[in-house]
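Here are the chains, one letter per residue:
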Amino acid sequence: MHEILSLLGLCFRAGKLISGDDAVADAVGTGEVRLILLAGDAGANITRRAARHEEEKGVPVLRLEDSAQELGWALGRKPTAICCITDIGFAAAAAKKAAAADERYAELAQQLSQKKTRIESRRGKKKPHKKSARKHTSGGMKQSTYTKRGGERA
């Protein structure tokens, strides 16, 4: 799974990876997370929290065989037990590399690949614009009653 670590380093430099327990929880709350990655030696609390994110928000969790020390080293940071990817392309690539190394993640890789193609097909298409509920009543710009110097206009 060392191929995933090199991909995570690239993802971190691109600004599409968030690391740390609290930062991941905040990102999951905003709905921008595509994949959560756990180190192989992650503690029970972090593992339970990631499982809760998977149940409540439907964010897939990928458990790495690498330790938190190795994960942190790949990111150029201190040991990191949990991180998440916010870009669907990087998430699909990481799941594909995990599926190549371990068959357990084949279904996850297929799901993320389908999600990626769905998102890419929608990119560039504009949503239909709804008409504004309020009508434009002003006939133009309103004139200020103050001058540039702060005095009142006569």
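Everything quoted here is computed from the prediction, not taken from an experiment.

As for its position among the elements, His 53 is in helix H3 (residues 44-57). Every residue in contact with His 53, bar those within four places of it in the chain, is listed here: Ala 25, Val 28, Ile 36, Gly 58 and Val 59.

H3 packs onto helix H2 (residues 21-30) with a crossing angle of 5° between their chain directions and a minimal axis gap of 11 Å. When the axis of H2 is compared with that of H3, the two are roughly parallel. Where H2 approaches H3, its residues Asp 21, Asp 22, Ala 25, Val 28 and Gly 29 are matched on the opposing element by Ile 46, Arg 49, His 53 and Lys 57. Taken together, the residues of the contact of H2 with H3 sort by class into three nonpolar, two polar and four charged.

Turning next to H3. Taking 1.5 Å of rise per residue, the 14 residues of H3 would be expected to cover 20 Å, and the 20 Å separating its terminal C-alpha atoms lies within 8% of that figure. Within the span of H3, buried status applies to Ile 46, Ala 50 and His 53. Relative to the axis of H3, the buried residues are bounded by an arc of 55° and lie together on one face. When the buried face of H3 is taken as reference, the exposed residues oriented beyond 90 degrees from it are Ala 44, Asn 45, Arg 48, Glu 55 and Glu 56. Among the residues trailing H3, Gly 58 stands out with phi positive, at a value near 75°.

Another point: helix H6 (residues 106-122). Compared with the 24 Å implied by 1.5 Å per residue over 17 residues, the 25 Å span of H6 between its first and last C-alpha is a close match. Along H6, the positions that sit buried rather than exposed are Leu 108, Ala 109, Leu 112 and Ile 119. Taken end-on, H6 shows its buried residues confined to a sector of 95°, consistent with a single buried face. Just beyond H6, the residue with positive phi is Gly 124, at close to 90°.

Should their charged atoms come close, side chains of opposite charge can pair. What the rule picks out here adds up to three salt bridges. As a salt-bridge pair, Arg 49 and Asp 22 come within 3.6 Å of each other at their nearest N and O atoms. Remark: Asp 22 occurs in helix H2 and Arg 49 occurs in helix H3; sequence separation between them is 27 residues. Here Arg 49 falls in the partly exposed class, since its relative accessible area comes to 24%. For Asp 22, a relative accessible area of 54% translates into the label exposed. Salt bridges here are not isolated pairs; linked through shared partners, they connect Asp 21, Asp 22 and Arg 49.

If you trace the four strands from one edge of the open sheet to the other, you get S1-S4-S2-S3, paired in mixed fashion. The sheet is open, and its two borders are formed by strand S1 (17-19) and strand S3 (61-63), each paired with just one other strand. Taken over all neighbouring pairs, the strand axes of this sheet differ in orientation by 25° on average, direction set aside. The strands touched by helix H1 (residues 2-13) are S1, strand S2 (35-38), S3 and strand S4 (82-85); relative to S1, the strand with the most contacts, the crossing angle is about 100°.

Rules of the game
Every chain is numbered independently, its residues counted from 1 as its sequence is written. Under the rules for a predicted model, residues below a pLDDT of 70 receive no local features and side-chain atom pairs below 80 are neither given nor counted, while totals for whole chains, interfaces and linings still include all residues. Side-chain figures throughout are based on the complete set of non-hydrogen atoms in the structure, without hydrogens or water. Each helix is a run of DSSP H or I of at least 4 residues and each strand a run of E of at least 2, with the numbering of both proceeding from the N terminus. In this analysis, two residues are considered to be in contact whenever any of their non-hydrogen atoms come within 4.5 Å of each other. Axis definition: a line fitted to C-alpha atoms, limited for helices to the stretch in contact. Angles are taken between N-to-C directions and run from 0 to 180 degrees. An angle counts as roughly parallel when it lies under 35 degrees, as roughly antiparallel when it exceeds 145, as roughly perpendicular when it falls between 65 and 115, and as oblique in every other case. Each residue receives one of three labels: charged for Asp, Glu, Lys and Arg, nonpolar for Ala, Val, Leu, Ile, Met, Phe, Trp, Tyr, Cys and Pro, and polar for the others, Gly being one of them. Here the expected length of a helix is defined as 1.5 Å per residue gap, with one fewer gap than residues. Classification of residues uses two cut-offs on accessible area relative to the type maximum, computed with a 1.4 Å probe and protein chains only: under 20% is buried, over 50% is exposed, and between them is partly exposed. Note that the arc is computed from the directions linking the helix axis to the C-beta atoms. Here, a salt bridge means any Lys or Arg side-chain nitrogen found within 4 Å of an Asp or Glu carboxyl oxygen. In this analysis, strands are considered paired if DSSP registers two or more bridges between them.

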